[in-house]
Amino acid sequence: MKALKKSVSLLLALIMLMSACCAFASAASDIKVNVRIEGINDKLFYGNVTVPSGATVLDAIKQADSVSSKIKVTVKNGAYGAYVTAVNNEKEKTFGGYDGWNYRVNGVDPSVSMDKYKVKSGAKIILYYGDPYGKGMQYPVADTSMLAAGYLSFKSTDTVYRADGTTKTTESIITGYILEWGLGNGATVDLYPDENGLVYIDKEFLTKGEHSVQIIKTDDSGMPLVLRFAPDYMINVTEIADEKSDNPTINAIYEMRDFIEQIIAFIKELVNVFQNIKIDI
């Protein structure tokens, strides 16, 4: 009887050990990926989700749906694979064209459907609403080379689709956008670029440290034409050009900016003088 009890105890211990090993192996095979869902007017989801190793982009998006009560993702199977038709009440073809839900992984547009693209640990997935194959979509990268002098611009690597179906990749400057520049206290100020896409940040708004940044551009109907930045995206101002700087280019730009501001002030004063002159005939 004692031998039987000992055998049963050993068997139970073995079962428990195997269960623990299986649970550990399962947990070890899970991976974390970042999912961001950008709707027509605002971010709908942003966070990390846990999925099994070998999971697809679609699996990650469905997992985001399951952990958040604020989004409902609708998926449809098509001739080329699964795709998202709606998130909440934001449905494809809202604007009557080829607009709808598209995805990127680590800054790249995959050439396969989301149910066929397997993700790796740490992958950054963006599901966004737009019309990249019709009206176009731009993906901003900040050019901070002249930030110390108060100037900021954004570039985008764009894929142009020719009539014969071939593509051409070009780098272009983004124009016609609204820049929401963080002031460091939770408040923001809206800034507008010139015709060349260069936005000037006034001295009172340009302070050292991290500033939240958001870029917005839509067509007349309200459809996004630029992919917004993540809500925690920051630009760090490490240098502000005063009278002197170690960078001669920044010095030249700074001096030219002050010179132009002086000319503008002079012209305004001159206009005021002429307006106050009374000519008797």
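Above this text sits the structure in question.
Residues numbered from 1 in each chain as written. Predicted model: local features only at pLDDT ≥ 70, side-chain atom pairs only at ≥ 80, totals over all residues. Heavy atoms only, no water.

> Help me understand the overall build of the protein chain in this model?
Helix and strand counts for the protein chain come out as three helices and 15 strands. Residues counted as buried form 37% of the 281 residues belonging to the protein chain. Considering only contacts within the protein chain whose residues lie at least 6 apart along the sequence, 54% involve residues at least 24 apart. Roughly 17,600 Å² of accessible area belongs to the protein chain as shown, and the carbon and sulfur atoms make up 55% of that amount. (Helix = DSSP H or I, 4+ residues; strand = E, 2+ residues; numbered from the N terminus. Buried < 20%, exposed > 50% of the residue type's maximum accessible area, 1.4 Å probe, protein only. Contact = heavy atoms within 4.5 Å. Areas by Shrake-Rupley, 256 points an atom, 1.4 Å probe, with all protein chains shown as cover.)

> Please clarify how the pairing of strand β2 (residues 43-52) should be interpreted in this entry.
A regular strand places its side chains so that they alternate between the two faces of the sheet. Judged from the nine bridges that link them, strand β1 (residues 30-38) and β2 form a sheet pairing that is antiparallel. Residue pairing for β2: I37 is matched across the bridge by F45. Taking the residues between adjacent antiparallel strands as the criterion, β1 and β2 are bridged by four residues. (Pairing = 2+ DSSP bridges.)

> Even after reading the chapter, I still don't get the packing of aromatic side chains, so can you show me in this structure?
To describe a pair of aromatic rings, one takes the distance between the centres and the angle between the planes. For the coordinates displayed, the defined rule picks out eight aromatic pairs. Judged by centre distance (6.2 Å) and plane angle (65°), the rings of F95 and Y129 are edge-to-face. One end of the pair, F95, is in the loop between β5 (90-91) and β6 (100-105); the other, Y129, is in strand β7 (residues 124-130), with 34 residues separating them in the sequence. The class of F95 is partly exposed, set by a relative accessible area of 26%. (Phe/Tyr/Trp six-rings, centres within 6.5 Å; stacked < 30°, edge-to-face > 60°.)

> Looking at this structure, how should I read empty space enclosed by the protein?
Think of a ball as big as a water molecule: rolled over the atoms, this probe shows where empty space is left. All chains considered together, the criterion is met by one cavity of 30 Å³ or more. The calculated volume of the largest cavity comes to roughly 40 Å³. Every residue lining the largest cavity is listed: E38, G39, Y128, Y129, M137, P224, V226, L227 and R228. Taken together, the residues that form the lining of the largest cavity break down as six nonpolar, one polar and two charged. (1 Å grid on protein atoms, 1.4 Å probe; cavity = no way out; pocket = protein on both sides within 12 Å on 5 of 7 lines; lining within 4 Å. Points joined across faces, edges and corners; volume = space filled by probe spheres on them. Nonpolar A, V, L, I, M, F, W, Y, C, P; charged D, E, K, R; others polar.)

> Even after reading the chapter, I still don't get unusual backbone geometry, so can you show me in this structure?
Most peptide bonds take the trans form, and the phi angle of most residues other than glycine is negative. Positive phi, normally seen in glycine, also occurs at N88, with a value near 60°. When you line up the elements, N88 lands in the loop between β4 (81-87) and β5. For K93, which is not a glycine, the phi torsion comes out positive at approximately 60°.

> When you look at the sheet that holds strand β3 (residues 73-78) in this model, what are you seeing that I'm missing?
As a general point, the strands of a sheet are linked pairwise by backbone hydrogen bonds and lie either parallel or antiparallel. Pairing is antiparallel across the open sheet formed by three strands, whose spatial order is β3-β4-β5. Only two strands of the sheet have a single partner each, and these edge strands are β3 and β5. Note: β4 against β5, two bridges, orientation antiparallel. When the sheet's bridge partners are listed, A86 is paired in β5 with K91.

> In this structure, what is going on with the layout of surface pockets? I would like to understand it.
Size it by volume and the largest pocket reaches roughly 1,100 Å³. Considering the residues around the largest pocket, the lining is formed by 37 residues, among which W101, N102, P110, P132 and Y133 are closest to the centre. If you list the elements that add at least two residues to the lining of the largest pocket, you get β4, β6 and β9 (151-161). For the lining of the largest pocket, the residue count by class is 19 nonpolar, 12 polar and six charged. Its boundaries defined by the atoms lining it, the second largest pocket holds a volume of some 380 Å³. Forming the walls of the second largest pocket are 19 residues, and the residues nearest its centre are R36, K124, I126, F229 and A230. Residue assignment for the lining of the second largest pocket shows that the elements contributing at least two residues are β1, β7 and β8 (140-143). Looking at the lining of the second largest pocket residue by residue, the classes come out as 11 nonpolar, three polar and five charged.

> Mind showing me how you'd approach helix α2 (residues 57-67) here?
Note on helix geometry: an α-helix contains 3.6 residues per turn, so any two residues three or four positions apart are oriented the same way. Along α2, the residues classified as buried are V57, L58, A60, I61, A64 and D65. Projection of α2 onto a plane perpendicular to its axis shows the buried side chains occupying an angular sector of 165°, all on one side. Within α2, the exposed residues directed more than 90 degrees away from the buried face are S66 and V67. The elements touched by buried residues of α2 are β1, β2, β3, β4, β6 and β7. (Arc of directions from axis to C-beta.)

> Looking at this structure, how should I read the pattern of salt bridges?
Two side chains bearing opposite charge may form a pair once their charged atoms approach each other closely. Applying the stated criterion across every chain, the model contains six salt bridges. In this structure, the salt-bridge partner of K135 is D219, at a minimum N-O distance of 2.7 Å. You can see K135 sitting in the loop between β7 and β8 and its partner D219 sitting in the loop between β14 (209-216) and β15 (234-237), a full 84 residues away along the chain. The class of K135 is exposed, set by a relative accessible area of 55%. (Salt bridge = Lys/Arg side-chain N within 4 Å of Asp/Glu carboxyl O.)

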